[in-house]
Amino acid sequence: MMHVQIQVNSSDADLQVFTHTCVATPSDKPDHKIHIDVIVDGCAKLPTLQFYPSPGPDTERFGFQAFASTSGSIVVYLHCDVLLCNATDPSSRCAQGCQPASGRRRREAEGEPEVYRLIQGPIVALSDPADLEARDTTYNLQYLVIASAILGACAVLTAIILYKARREGNKAGYRVLENNK
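Attention now moves to the overall build of the chain. Helix and strand counts for the chain stand at two helices and eight strands. Element order for the chain, N to C, with α for helix and β for strand: β-β-β-β-β-β-β-α-β-α. Looking at the chain alone, contacts between residues at least 24 apart form 66% of all its contacts between residues at least 6 apart. Summed over its atoms, the accessible surface of the chain is roughly 13,300 Å², and 54% of this surface lies on carbon and sulfur atoms.

Right under this line is the structure:
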């Protein structure tokens, strides 16, 4: 399950957040030709989408079953158009909730809320928990190889330094002193 929380942080307690539209794409482009409608006009479009209770009008929570793209991409971006409305206005677009679009588009009235585009991603979608374990194992192996290479280089460097120190020590011109009594 993928859980989403959209929240406005403001000193204005009369703001209400409303997720108007959310689409999932394999890129950071919301108009990508491959997309999945999650929410349209405030209405659930995915069968697994669930809206959850929120602590206040400044927060909206929902979740849906994670999915894998049929294009083979394991990366998902979530693009949401969010409205901010006056929470005390019972006729605001936010208060209306799910309103499927009719065939005709009405003109934007004065006082309509502005649309804010939020993009979250990349979200890595793994279809099998074994994929995550395999990825972690691969990373651990890479770190082990890198650490081994560094330790090996240190050992070779130490051996070279010791060899040179001994060799130069013999060239220092030491000789045995004779004892003449």
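On to the sheet that holds strand β3 (residues 36-40), then. Ordered by their spatial adjacency, five strands build an open sheet running β4-β3-β2-β7-β8, and the pairing between neighbours is antiparallel. This sheet does not close on itself; its edge strands, each paired only once, are β4 (43-44) and β8 (115-124). In terms of strand pairing, strand β2 (residues 15-25) meets β3 through three bridges, oriented antiparallel. Bridge pairing links Val23 to Asp37 in β3.

This part is about unusual backbone geometry. Geometrically, the link from Gly121 to Pro122 is a cis peptide bond, its omega value of 0° lying close to zero. Along the polypeptide, Pro122 turns up in strand β8. Not every positive phi belongs to a glycine, and Asp41 is a case in point at roughly 55°. Tracing the sequence through the fold places Asp41 in the loop between β3 and β4. Judged by relative accessible area, which is 10%, Asp41 ranks as buried.

Moving on, we come to the sheet that holds strand β1 (residues 2-7). Pairing within the open sheet is antiparallel, and its three strands lie in the order β1-β6-β5. The sheet terminates laterally at β1 and β5 (50-52), the two strands that pair on one side only. Here the average twist between neighbouring strands, direction ignored, is 25°. Note that β1 and strand β6 (residues 59-64) share six bridges and pair antiparallel.

Rules used in this analysis
The numbers attached to residues start from 1 for each chain and follow its sequence in the written order. Totals for whole chains, interfaces and linings use all residues, but because this is a predicted model, local features are given only for residues with pLDDT of at least 70 and pairs of side-chain atoms are given and counted only at 80 or more. Hydrogens and water molecules were not included; the side-chain quantities draw on all heavy atoms of the structure. Each helix is a run of DSSP H or I of at least 4 residues and each strand a run of E of at least 2, with the numbering of both proceeding from the N terminus. Any pair of residues with heavy atoms lying within 4.5 Å of one another is described as a contacting pair. Accessibility throughout is a Shrake-Rupley quantity obtained with a 1.4 Å probe, and a residue counts as covered only by protein chains that appear here. DSSP bridges decide pairing: two strands pair if at least two such bridges lie between them. Only protein chains enter the accessibility calculation, which uses a 1.4 Å probe; a residue is then buried when its area is under 20% of its type maximum, exposed when over 50%, and partly exposed in between. Helix axes are fitted to C-alpha atoms over the stretch in contact, other axes to C-alpha atoms as well, and angles between N-to-C directions run from 0 to 180 degrees.

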